[in-house]
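These are the residues of each chain, in order.
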Amino acid sequence: MTSMATPLRTACLLLAAASVAAVNLEGRQKTLEASWSLDLEPRQDMSPVKRVVNLLQKMKAELDAEANSEAEMYDKLVCWCETN
């Protein structure tokens, strides 16, 4: 019974994490769309190419931050699964 408990516990944790992520995804998407639409509005002081480059740099920074956050969460869950 112990050998089945660990995979079941891991599956439950992953399912819980996925459901939380799905709930937060819609709000996050709306926030990003609002932020990015401001970055893409026509401006006289910046060329269209520069606006797109700035947006891509901003998106990369946000994705890097998310990846770090998710890596930390994964490490915590793995540690919890192995020690519990």
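Please read these numbers as outputs of a predicted model, since none were measured by experiment. (Residues numbered from 1 in each chain as written. Predicted model: local features only at pLDDT ≥ 70, side-chain atom pairs only at ≥ 80, totals over all residues. Heavy atoms only, no water.)

## What to know about the overall build of the protein
So, point 1. Helices and strands together make up the secondary structure of the protein, namely 2 helices and 0 strands.
So, point 2. Looking at the 84 residues of the protein, the share that counts as buried comes to 7%.
So, point 3. Carbon and sulfur atoms make up 66% of the accessible area of the protein, which amounts to about 7000 Å² in all. (Helix = DSSP H or I, 4+ residues; strand = E, 2+ residues; numbered from the N terminus. Buried < 20%, exposed > 50% of the residue type's maximum accessible area, 1.4 Å probe, protein only. Areas by Shrake-Rupley, 256 points an atom, 1.4 Å probe, with all protein chains shown as cover.)

## Overview of the pattern of salt bridges
So, point 1. On inspection of all chains with the given rule, the structure shows 1 salt bridge.
So, point 2. Between Lys-60 and Asp-64 there is a salt bridge; the shortest N-O distance is 3.0 Å. Of this pair, Lys-60 and Asp-64 both sit in helix H2 (residues 48-83), 4 residues apart, which is roughly one turn of the helix.
So, point 3. On the basis of relative accessibility, which here comes to 52%, the residue Lys-60 falls in the exposed class.
So, point 4. Accessibility expressed as a relative area gives 37% for Asp-64, which makes it partly exposed. (Salt bridge = Lys/Arg side-chain N within 4 Å of Asp/Glu carboxyl O.)

## Details of the environment of Met-59
So, point 1. Assignment of secondary structure puts Met-59 in helix H2.
So, point 2. A residue is classified by how much of its surface remains accessible, and Met-59, at 26% relative accessible area, is partly exposed.
So, point 3. Put simply, Met-59 and Leu-32 are 27 residues apart on the chain and 9.1 Å apart in space, counted from C-alpha to C-alpha.

## Considerations on H2
So, point 1. Helix length check: H2 (36 residues) gives 53 Å between terminal C-alpha atoms against 52 Å at 1.5 Å per residue, within 8%.
So, point 2. The complete set of buried residues in H2 reads Arg-51, Leu-55, Leu-77 and Cys-81. (Expected span 1.5 Å × (residues − 1).)

## Considerations on the state of the cysteines
So, point 1. The final tally for this structure, using the stated rule, is 0 disulfides.
So, point 2. Looking at the unpaired Cys-79, the closest cysteine sulfur is the one in Cys-81, lying at 9.3 Å.
So, point 3. Looking at Cys-81, the relative accessible area reads 16%, which means it is buried. (Disulfide = S-S within 2.5 Å.)

## Observations regarding the side chain of Arg-51
So, point 1. Along the chain, Arg-51 turns up in helix H2.
So, point 2. The side chain of Arg-51 is buried and forms no salt bridge, while Asp-45, the nearest opposite charge, is found at 7.0 Å.
So, point 3. For Arg-51, the side chain forms a polar contact with the main-chain oxygen of Met-46, separated by 3.4 Å. (Lys, Arg positive; Asp, Glu negative; His and termini not counted. Polar contact = N/O pair within 3.5 Å; in protein donor to acceptor, adjacent residues only side chain to side chain.)

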